[in-house]
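This is what each chain is made of:
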Amino acid sequence: MNTWLTDIIRRTNERAFSETDLARIMAYYARLPIRLKLGEELEKQEPTLARKLHEELARRFPDRPLYTRPLAQDLVESLRHVNLAVLADDTKLLKLRWTDHLARLLPALGVEPLEVRDAYLVLRELLETRLTGSAWEAFRPAFDEMTEALSTIPAPTLAV
Amino acid sequence: MTPSVEPPLRLKGNAYARPGYFTTDVAKGVTRTPSGQRVCTLPSEFLLGFRDALIYECGKAYRKVMKAAGKKWGTQFAARFDKELNALYQTRVRELPAALVHTCLADSFSANGYGRLEIDMALCDFGVLVVDLHDSMMPSLVREADRPVDLLAAGLLGAVFSHLSGETLDAVQTECPALGADRSRFIIARSDAITAAEEFIDATEAMPSHDAILDRVRQAVA
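Residues numbered from 1 in each chain as written. Chains lettered and ligands numbered in written order. Predicted model: local features only at pLDDT ≥ 70, side-chain atom pairs only at ≥ 80, totals over all residues. Heavy atoms only, no water.

Contact with chain A, which involves 30 residues of that partner, is made by 23 residues of chain B. Together, the buried faces of chain A and chain B total about 2,300 Å²; carbon and sulfur atoms form 65% of this surface. Viewed at the interface, chain B and chain A are joined by 4 salt bridges. The shortest N-O distance in the salt bridge between D74 of chain A and K12 of chain B comes to 3.0 Å. The interface formed by chain A and chain B holds 8 residue pairs in polar contact (both at pLDDT 80 or more) in total. Listing elements by their share of the side of chain A that touches chain B, those giving two or more residues are α4 (69–88), α5 (92–109) and α6 (113–130) of chain A. Taken together, the residues that form the side of chain A that touches chain B break down as 18 nonpolar, 4 polar and 8 charged. (Contact = heavy atoms within 4.5 Å. Buried area = accessible area lost by both parts, 1.4 Å probe. Salt bridge = Lys/Arg side-chain N within 4 Å of Asp/Glu carboxyl O. Polar contact = N/O pair within 3.5 Å; in protein donor to acceptor, adjacent residues only side chain to side chain. Helix = DSSP H or I, 4+ residues; strand = E, 2+ residues; numbered from the N terminus. Nonpolar A, V, L, I, M, F, W, Y, C, P; charged D, E, K, R; others polar.)

Written out as structure tokens, the structure reads:
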């Protein structure tokens, strides 16, 4: 599994960078500091975020037994996959590591995908207030792409 | 509302899709997985050579030998899969929901290059599983045959599902790309039922249909 950057670097064994490749690499490196800062901020937030998310989910959705503390922890830890995709500027990493897996797993388990998406939307609100503006702006597109993908997963036939 | 999931839902993603799941130390000539398991590439030339040598040495018995090799492999594979999943979810594999284990098993098959696995649980209550394996290696090498050729995969699947279920199960291949199908299809059930199905296949001149073999298996498990 190669990111676009790996592919470009590998191709340079055979030829020089094309103008398009060079422009994309320069744009990537120009935004690299903010991507690195995002990683630091997420790491700092992680210990308290799971507890806060669990509290919020219990308060807003008291009738949903799905929202356990371990699940809140798993969702917060999944931000690492989002962060990695942002760091590499390649959402394919997130799709293969996380979204595609959920698309197969949730219907098979009889779990309503929109309930997982709802939990992510609560997490989104928490992140928006806890990350600095530039870090959130770097993070938001990949995060929103993931939550939108969760909306397209068919509901399980078992769901009541 | 989603019904309560017991045990609680855990989401860890596709651990096999992490970047650099297989890492090769070029200086040492060693490839390992994150758990330290050493793996190596067995190219198509090896698999074909292995099959040809078995046919030469064993004659018609080569099918049993290939399947037995698949079972041995599957036993080791299942133990490694169990260990990896246990480490990831901090829960014994038999206590995890079957759908989760099957999704992770399919992820593992894909990452290892064994093909895309689909598990049909519709007949599970009758003690029968139907498994499809898309783009499996051996049928892509043996283009034409009068019997299914995915014997290693049949042995592998039988051993893996034996490990996961805690029962002695076996698998028989009922459809194969070498016979014109678009994927390999297997029936997994109790060993004696699969033996009965294999005897039925051996006694039939043309390869019986999947449904005919499934009927035999269901009669045997009833």
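Moving on, there is more to tell.
Residue and element names in this part refer to chain B. With antiparallel pairing, the 4 strands of this open sheet are ordered in space as β4-β5-β7-β6. Strands with a single pairing partner mark the edges of an open sheet, and in this sheet they are β4 (116–120) and β6 (169–175). The sheet shows a mean angle of 25° between the axes of neighbouring strands, taken without regard to direction. In the sheet, strand β5 (residues 129–134) pairs with strand β7 (residues 184–190) via 5 bridges, with the strands oriented antiparallel. Bridge pairing links V131 to F186 in β7. (Pairing = 2+ DSSP bridges. Axes fitted to C-alpha atoms, helices over the stretch in contact; angles between N-to-C directions.)

Moving on: the sheet that holds strand β3 (residues 38–39) of chain B. All names here are of chain B. Reading across from one edge, β1-β2-β3 is the order of the 3 strands in this open sheet, with antiparallel pairing throughout. Each having just a single partner strand, β1 (23–25) and β3 make up the two edges of the open sheet. Where β1 and strand β2 (residues 30–32) come together, 3 bridges link them in antiparallel fashion. Across the sheet, residue T24 finds its bridge partner in β2, namely T31.

A complete count under the given rule lists 29 salt bridges over all chains for this structure. Here D100 of chain A makes a salt bridge to K95 of chain A, at a shortest N to O gap of 3.1 Å. A relative accessible area of 44% places K95 of chain A in the partly exposed class. Between E95 of chain B and R92 of chain B there is a salt bridge whose closest N-O contact spans 3.8 Å. For E95 of chain B, a relative accessible area of 44% translates into the label partly exposed. Because the salt bridges share partners, they merge into one network encompassing R124, E128, E137, R140 and D144 of chain A. (Buried < 20%, exposed > 50% of the residue type's maximum accessible area, 1.4 Å probe, protein only.)

Overall, the coordinates contain 15 aromatic pairs over all chains when judged by the stated rule. When the centroid spacing of 4.8 Å and the interplanar angle of 80° are considered together, the rings of Y21 of chain B and F22 of chain B count as edge-to-face. A relative accessible area of 32% means that F22 of chain B is categorised as partly exposed. Their ring planes at 85° and their centres at 5.6 Å tell us that F77 of chain B and F109 of chain B sit as a pair that is edge-to-face. In this pair, F77 of chain B sits in helix α2 (residues 62–89) while F109 of chain B sits in helix α3 (residues 98–112), placing the two residues 32 residues apart along the sequence. Like F77 of chain B, the residue F109 of chain B is buried in the burial classification. Among the aromatic residues, those joined into a cluster by ring pairs are W73, F77, F81, F109 and Y114 of chain B. Its guanidinium or amino end placed over the ring of W4 of chain A, R24 of chain A lies 4.0 Å from that ring's centre, counting from NZ or CZ. Its guanidinium or amino end placed over the ring of F126 of chain B, R218 of chain B lies 4.4 Å from that ring's centre, counting from NZ or CZ. (Phe/Tyr/Trp six-rings, centres within 6.5 Å; stacked < 30°, edge-to-face > 60°. Lys NZ or Arg CZ within 6 Å of the ring centre and 35° of its normal.)

As a further point, take the domain arrangement of chain A. Residue and element names in this part refer to chain A. Each assigned domain of chain A is listed with its residue range as follows: domain 1 (1–30) and domain 2 (33–151). The distance between the C-alpha centroids of domain 1 and domain 2 comes to 29 Å. Counting residues at the interface gives 8 residues for domain 1, matched by 9 residues for domain 2. Of the roughly 680 Å² buried between domain 1 and domain 2 on both sides combined, carbon and sulfur atoms contribute 54%. (Domains from an automatic or database assignment.)

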